[in-house]
Amino acid sequence: LSLNVSTRIMTRVLSDGTWSSLKEVIFLKQQQDFKDLKVTELHYHPADFTTGTELIDGKDLEFIEFKNTGKEIINIGGLVLDSAVHYQFPANKLLFPEEFYVIVSKPSKFYNYYGMTASGNFKGNFSNSGEEVLLVDSKNKKVINFIYDDNLPWPTEADGGGFSLAAREKNPAGDPSDSNYWIASWNKDGNPFADNNLFDT
């Protein structure tokens, strides 16, 4: 095999008319090009909520979502989110085409609220008034870098109103530092692990 990207191969063998069980083989290549890795959602100021009679701080539901918008597997292992919050992606972690990776403030609270298992758990919290978000590779080279804001022309509904910042396009190609990259999430509480709106392109 001659491969120039990280690849997953599923194999099975036919012997005497019987197929073997399916086996997975993964070939890893150090990622050089992250052009198809996009930030697609940021829930930086979730509204407070109640569980029973308990008032829960909205910070417990903060999350940031990344998506592989391309057609090839991306090896995101070793990437580091290191600015507003801190998180190191596990070694040799592959993100498949159209797959999401959601990093959260409190995985247990996230699961209880959304019924979904987070991809990872960051340290710290996002600022409610806006700040820099920086994602770098293992050589400290910038992969994604932007500054969000809670003032117009940024979607103000994301500033404690229960909505998240969501990419305007299903597979965004613009600059996340530009307010036009974002809209308020289609659903209140955001859309983790999903595109914002199936009608978006």
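See the structure above.
The rules behind the values
Residues numbered from 1 in each chain as written. Predicted model: local features only at pLDDT ≥ 70, side-chain atom pairs only at ≥ 80, totals over all residues. Heavy atoms only, no water. Salt bridge = Lys/Arg side-chain N within 4 Å of Asp/Glu carboxyl O. Helix = DSSP H or I, 4+ residues; strand = E, 2+ residues; numbered from the N terminus. Buried < 20%, exposed > 50% of the residue type's maximum accessible area, 1.4 Å probe, protein only. Lys, Arg positive; Asp, Glu negative; His and termini not counted. Polar contact = N/O pair within 3.5 Å; in protein donor to acceptor, adjacent residues only side chain to side chain. Contact = heavy atoms within 4.5 Å.

**Thoughts on the pattern of salt bridges**
Phase 1: In total, this model carries six salt bridges according to the counting rule given.
Phase 2: In this structure, Lys-109 and Asp-60 form a salt bridge, with 3.2 Å as the shortest nitrogen-oxygen distance. With Lys-109 in helix α1 (residues 107–114) and Asp-60 in the loop between β7 (54–56) and β8 (63–68), this pair connects stretches of sequence that are 49 residues apart.
Phase 3: Owing to a relative accessible area of 12%, Asp-60 belongs among the buried residues under this scheme.
Phase 4: Ionic contacts of the salt-bridge type, sharing partners, join the residues Asp-60, Lys-106 and Lys-109 into one network.

**Let's talk about the side chain of Asp-137**
Phase 1: On the secondary structure map, Asp-137 appears in the loop between β15 (132–136) and β16 (142–147).
Phase 2: For Asp-137, which is buried and forms no salt bridge, the nearest opposite charge comes from Lys-141, at a distance of 5.8 Å.
Phase 3: A distance of 2.8 Å separates a polar atom in the side chain of Asp-137 from the backbone nitrogen of Lys-141.
Phase 4: If we skip the residues at most four places from it in the chain, Asp-137 touches Phe-34, Gly-78, Leu-79 and Val-143.

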